[in-house]
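What the coordinates show
This is what each chain is made of:
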Amino acid sequence: MAGIKALIGLSFGGAIGLMFLMLGCALPVYNEYWPLFLLFFYILSPIPYCISRRVVDDTDSASNACKELAIFLTTGIVVSAFGLPIIFARASIAWGACALVLTGNIVIFGTILGFFLVFGSNDDFSWQQW
């Protein structure tokens, strides 16, 4: 039952993060939809780590090059997702929209991290079942 509560909490966090992203785009004061390109970053950020978990054997206690590369690529995607709204704010969107989008980034990436912390272990309730 603890897995269901965690899943409900994570979905609530994702909804709140997307709400901040949509507010940064759709409020009549801002009315710029360029920050919606961040949806690509939200989709791409867990992919390297998921691929490395399928490829890498977790019995080794030492560091693995594939896992390190996946963490590096994920970090690059996340940093790019935080940099893009700032670049947009300097070019076309308002700083208030940038603040809303950055708040949404924090919430959504926290939700993605929480998903992997809750469902990432290989116990009886795992994300690998899906």
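The structure displayed is predicted, hence computed values, not measured ones.

With respect to the UniProt feature "transmembrane region" (unreviewed entry) in the chain
The UniProt entry lists residues 7-30, 36-56, 68-88 and 94-119 under the feature "transmembrane region" (unreviewed entry), expressed in the numbering used here. End C-alpha atoms of residues 7-30 are separated by 33 Å, and the span's content is 83% helix alongside 0% strand. Secondary structure content for residues 36-56 is 76% helix and 0% strand, while the C-alpha to C-alpha distance between its ends is 33 Å.

Some details on the confidence of the model for the chain
Averaged over all residues, the pLDDT of the chain equals 87, while 86% of them reach at least 70. Confidence, read as mean pLDDT per element, is least for helix H3 (residues 47-55) in the chain (87) and greatest for helix H2 (residues 38-44) (95).

Quick look at the layout of surface pockets
Quantified by volume, the largest pocket comes out at close to 300 Å³. The wall of the largest pocket is formed by 13 residues, among which Tyr-49, Thr-74, Ile-112, Leu-113 and Phe-116 lie closest to the centre. Secondary-structure elements contributing two or more residues to the lining of the largest pocket are helix H4 (65-91) and helix H5 (95-119). Counting residues per element, the lining of the largest pocket draws most heavily on H5, at six residues. Looking at the lining of the largest pocket, its residues break down into ten nonpolar, three polar and no charged.

Conventions adopted
Each chain carries its own residue numbering, running from 1 in the written order of its sequence. Where local features are concerned, this predicted model is filtered to residues with pLDDT of at least 70; where side-chain atom pairs are given and counted, the filter is 80 or more; whole-chain, interface and lining totals use all residues. Only heavy atoms go into the side-chain values, all of them from the structure, while hydrogens and water stay out. UniProt positions are given in the numbering used here, feature names are shortened, and annotations may be inferred rather than shown by experiment. In this description a helix means any DSSP run of H or I spanning at least four residues, a strand means any run of E spanning at least two, and both kinds are numbered starting from the N terminus. On a range of 0 to 100, pLDDT expresses the predictor's confidence in each residue. In the cavity and pocket records, a cavity denotes points on a 1 Å grid over the protein atoms alone where a 1.4 Å probe fits but cannot get out, a pocket denotes an open set with protein on both sides within 12 Å along at least 5 of 7 lines, and lining residues are residues with an atom within 4 Å of a point. Grid points are joined across faces, edges and corners, and a volume is the space filled by probe spheres set on the points. Any residue outside Ala, Val, Leu, Ile, Met, Phe, Trp, Tyr, Cys, Pro, Asp, Glu, Lys and Arg is labelled polar, Gly included; the first ten of those are nonpolar and the last four are charged.

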